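An overview of the molecular structure
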Amino acid sequence: MYPQIFSTLLVPKAQELIATSHRFGGSRVKAQEFFEGGFRKAFEKIQVAQNPEYPLTVYYAFKQSESEDDENGSGGPAIASTGWETMLEGLLSSGFQVTGTWPMRSEMSTRNVGRGTNALASSIVLACRLLPESAAITTRKDFLASIKKELPRAVRDLQKGNIAPVDLAQAAIGPGMAVFSRYKKVLESDGAPMRVRTALGLINQTLDEVLSEQEGEFDPDTRWALAWFEQHAFDEGLYGEAEVLATAKALSISGLGESGILYSRAGKVRLLRRDELSENWNPSTEHRLTVWAVTQHLIRSLDKNGETATATLANKVGGQAEIARDLAYRLYVLSERRGWAEEAGYYNSLVVSWPAIAPKAFALT
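Residues numbered from 1 in each chain as written. Predicted model: local features only at pLDDT ≥ 70, side-chain atom pairs only at ≥ 80, totals over all residues. Heavy atoms only, no water.

1. Structural notes on the packing of aromatic side chains
Tallied over the entire structure, the rule returns 10 aromatic pairs. When the centroid spacing of 5.4 Å and the interplanar angle of 80° are considered together, the rings of Phe229 and Trp340 count as edge-to-face. A residue pair is termed long-range when its members are at least 10 positions apart, and Phe229 in helix H6 (residues 220–232) and Trp340 in the loop between helix H11 (320–337) and helix H12 (341–363) qualify at 111 residues. Considering the side-chain rings of Phe234 and Trp292, the 6.5 Å spacing of their centres and the 50° angle between planes classify their relative orientation as tilted. Pair noted here: Phe234 is in the loop between H6 and strand S6 (237–238) and Trp292 is in helix H9 (residues 291–305), with a separation of 58 residues, a long-range link. Linked through ring pairs, Phe229, Phe234, Trp292, Trp340 and Tyr347 together constitute an aromatic cluster. (Phe/Tyr/Trp six-rings, centres within 6.5 Å; stacked < 30°, edge-to-face > 60°. Helix = DSSP H or I, 4+ residues; strand = E, 2+ residues; numbered from the N terminus.)

Written out as structure tokens, the structure reads:
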């Protein structure tokens, strides 16, 4: 009945929307033009057929690690990946605006194809609406002002919803792109329209600023530990360097040692590792309780003893437990930025397990 369906030995690939240079005589430029043009054509047809009464949802899969020159355009979790940018450019240039995004853990890293590879690990769902004809034009300055005003509240709401740290950057795209895409154009200082890649970079930068500003709720000892961790993790560093950093925060190395967060010997200083922490730690006996210590003890308890024991510990530290969860977000970002994947995983696990830990901790009060 339909002989053309099986007229080839392999699945036809010519129209597949990927940027592979070998299909264009090795030209990466032509491959990219095909990739970007295809997205625009696809979304233009969708725009014509889209009922304005209902949102459009776009399900986009990306790789766990991002490469700036990724040929297949699948991108990665960093929000400035080539494929991600191209898809958004096509979406917005076709008359849509992004009103929300939500990440999904759609693949298991333990499956055979995913082990040791850059195979698909996550996906992101975008909610979109048609951009009204009355949409305004704005400037880079006003766009930045709106981002800095609206994104902090959105990030806090995402954290209250217990979004995993590994997914926070993707989820933050939603409120950020909602600001950018509500305008027909965002004009740069030279009058040129701002590119999606630039907007994504500014959103990412603002997200980092928001997380940094949350450090204000941490005690001075914890802020010192954060600064030291960013440079050395749990490795040794020079005593003099640690002392300069402590003095700048009106602290002393001896005092930090009393708080139980560092080890100092023979001119070297390092943060205490979790396997060095006391199993019988009692926060009520600590005269200098820090958010850093609470966070590391909670992670150790979760790793060694599970959620119930961790809930008991969270109950003992009271309101410090919620602040410790906020610190876990910050430590995840620092660890991921430095490529400390294993360490990042511990902080992600604490946040992900929090919906199971918090109710049990509350029930114990």
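2. Some thoughts on helix H2 (residues 82–93)
In an α-helix, one full turn covers 3.6 residues, which means residues spaced three or four apart are oriented alike. The terminal C-alpha atoms of H2, which comprises 12 residues, lie 16 Å apart, in line with the 16 Å expected from a rise of 1.5 Å per residue. Within H2, 10 of the 12 residues are buried, which leaves it mostly tucked inside the rest of the structure. Note on H2: the residue one or two positions beyond its end, Gly95, has a positive phi of about 100°. (Expected span 1.5 Å × (residues − 1). Buried < 20%, exposed > 50% of the residue type's maximum accessible area, 1.4 Å probe, protein only.)

3. Here's the deal with the nonpolar core
Of all hydrophobic cores here, the largest spans 88 residues; its most connected members are Leu88, Leu91, Leu126 and Trp224. If one sorts the elements of this core by residue count, H11 sits on top with nine residues. Excluding anything up to four places from it in sequence, Leu88 contacts Val98, Leu126, Met177, Val196 and Leu200. (Core = buried A, V, L, I, M, F, W, Y, C linked by side-chain atoms within 4.5 Å. Contact = heavy atoms within 4.5 Å.)

4. Here we look at the sheet that holds strand S7 (residues 262–265)
Picture the strands of a sheet paired through backbone hydrogen bonds; they go either parallel or antiparallel. Strand order across the open sheet formed by three strands is S6-S8-S7, with antiparallel pairing between neighbours. At either end of the open sheet lies a strand with only one pairing partner, and these are S6 and S7. Examined bridge by bridge, S7 and strand S8 (residues 268–271) share four bridges and lie antiparallel to one another. The residue of S8 that forms the bridge with Leu262 is Leu271. (Pairing = 2+ DSSP bridges.)

5. Description of the side chain of Arg330
Among the secondary structure elements, Arg330 is positioned in helix H11. Among the polar contacts made by the side chain of Arg330, one reaches the side chain of Ser212 at a distance of 3.1 Å. Looking at Arg330, its side chain comes within polar contact range of the side chain of Glu215, at 2.9 Å. When residues no more than four places from it in sequence are discounted, the contact partners of Arg330 are Asp208, Leu211, Ser212, Glu215, Leu226 and Arg337. (Polar contact = N/O pair within 3.5 Å; in protein donor to acceptor, adjacent residues only side chain to side chain.)

6. Side note on the environment of Leu187
Mapped onto the fold, Leu187 is located in strand S5 (residues 185–187). Under the relative-accessibility criterion, Leu187 is labelled partly exposed at 27%. Along the sequence, Leu187 and Phe143 sit 44 residues apart, while their C-alpha atoms lie 9.2 Å from each other. Discounting chain neighbours no more than four positions away, the residues touching Leu187 are Ile137, Thr138, Thr139, Arg140, Ala192 and Pro193.

7. Comments concerning the confidence of the model for the protein chain
The pLDDT averaged across the protein chain works out to 84; a share of 89% of its residues lies at or above 70. Looking over the protein chain, one finds the lowest element-wise mean pLDDT in strand S3 (residues 120–130), namely 77, and the highest in strand S4 (residues 137–139), namely 95. Within the model, the stretch residues 64–80 combines pLDDT values under 50 with 59 contacts to residues more than four positions away or in other chains. Per-residue pLDDT stays below 50 along residues 109–121; that stretch engages in 21 contacts with residues further than four places along the chain or on separate chains. (pLDDT = per-residue confidence, 0-100.)

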